[in-house]
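# Coordinate analysis (summary)
Listed below, chain by chain, are the residues.
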Amino acid sequence: MKKLSARRRHPLAAVVVLLLALAATGGLYAAFAPASKAQADESSQSLTIQEGKKLYEVGCASCHGTRGQGSSDGPSLVGVGAAAVDFQVGTGRMPAATSQGAQVEKKKNIYTQAQIDQLAAYIASLGAGPNVPTSQQYNPSDGDIAKGGELFRTNCAQCHNFTGKGGALTKGKFAPSLEGVDPKHIYEAMQTGPQNMPSFPDTTMSEKNKKDIIAYLHAVNGDETVNPGGLELGGLGPVSEGLFAWIFGLGALVAVAVWVAARTAKAKKS
């Protein structure tokens, strides 16, 4: 008894008891709480996918196939990811109109954001692809505008114009204007490469660079943007401005020269 009492009074006895109590508490929590939370999350995600499948069968399956495998009327959606769905449906390009031109154009969206999220979850379940970006990824407030302008002129201006006003492509296709486009949709377009546009995944263009481009577009096309030069001529810069001066300025000088010459010849005759 004296030996047992001495052990109980050992200076480390309280520490050992505390450690055993903490281990028991942690073990019980790990065994029960996370499991129930994981099951709840899985159940919620499963319900979202089921609702997305119902929407897909009504609005998308006729062109893209019953399981997203694609058909002669629409490409496969396996592996396009949630970001592609959020962009295409969020901008109204999908579902496509029954009669369309060389490319699918932006139009009024017919789905709520909750329905778009459900569709995106279902398509994402068919195969891994780019996820919908978070607001932190595309928020232009902390982007580098100068760097974004450099990147945009190098990679995007050939089609979208130097300030994102859009431009013509071949066979009736065109690069749409980026003025007023939601930053999230710009990010998703770079990530997924819709229609004629090449894709710029993170392995090609980093998340930071995408944000810089969005910051540049927000700076040149924002509501508070004022063009100090007056008429912007499409934002093309010195090329269009020089062409304008050459055609109209030089044309005016030629007209004045012809008028002066005609007046002089008439004066000599008289």
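Structure: above.
No experiment lies behind these values; they were computed from the predicted model shown. (Residues numbered from 1 in each chain as written. Predicted model: local features only at pLDDT ≥ 70, side-chain atom pairs only at ≥ 80, totals over all residues. Heavy atoms only, no water.)

## Observations concerning helix H5 (residues 113-126)
An ideal rise of 1.5 Å per residue puts 20 Å on 14 residues; H5 measures up with 20 Å between its terminal C-alpha atoms. Among all positions in H5, only Ile116, Leu119, Ala120, Ala121, Tyr122, Ile123 and Leu126 are buried. (Helix = DSSP H or I, 4+ residues; strand = E, 2+ residues; numbered from the N terminus. Expected span 1.5 Å × (residues − 1). Buried < 20%, exposed > 50% of the residue type's maximum accessible area, 1.4 Å probe, protein only.)

## Observations concerning helix H4 (residues 81-90)
Among the 10 residues that make up H4, 10 are buried, leaving the element largely enclosed by the rest of the structure. Listed as buried for H4 are Gly81, Ala82, Ala83, Ala84, Val85, Asp86, Phe87, Gln88, Val89 and Gly90. Taken together, the buried residues of H4 touch H5 and helix H9 (183-192). Immediately beyond the C-terminal end of H4, within one or two residues, lies glycine 92, with a positive phi of roughly 80°. (Contact = heavy atoms within 4.5 Å.)

## Considerations on the pattern of salt bridges
Evaluation of the coordinates by the stated rule reveals five salt bridges. A salt bridge links aspartate 202 to lysine 210, with the nearest nitrogen and oxygen atoms 2.9 Å apart. By relative accessible area, lysine 210 is classed as buried at 0%. With a closest N to O distance of 2.8 Å, lysine 208 and aspartate 212 form a salt bridge. With lysine 208 and aspartate 212 both in helix H10 (residues 207-221) and four residues apart, this pair spans about one turn of that helix. Judged by its relative accessible area of 2%, aspartate 212 is buried. (Salt bridge = Lys/Arg side-chain N within 4 Å of Asp/Glu carboxyl O.)

## Side note on the layout of surface pockets
Put simply, the largest pocket is a space of about 780 Å³. Contributing to the lining of the largest pocket are 33 residues, with His64, Pro75, Leu77, Gln88 and Met94 lying nearest its centre. Broken down by secondary-structure element, the contributors of at least two residues to the lining of the largest pocket are helix H2 (13-59), helix H3 (61-64), H4, H5 and H9. If you tally residues by element for the lining of the largest pocket, the top one is H4, at five residues. (1 Å grid on protein atoms, 1.4 Å probe; cavity = no way out; pocket = protein on both sides within 12 Å on 5 of 7 lines; lining within 4 Å. Points joined across faces, edges and corners; volume = space filled by probe spheres on them.)

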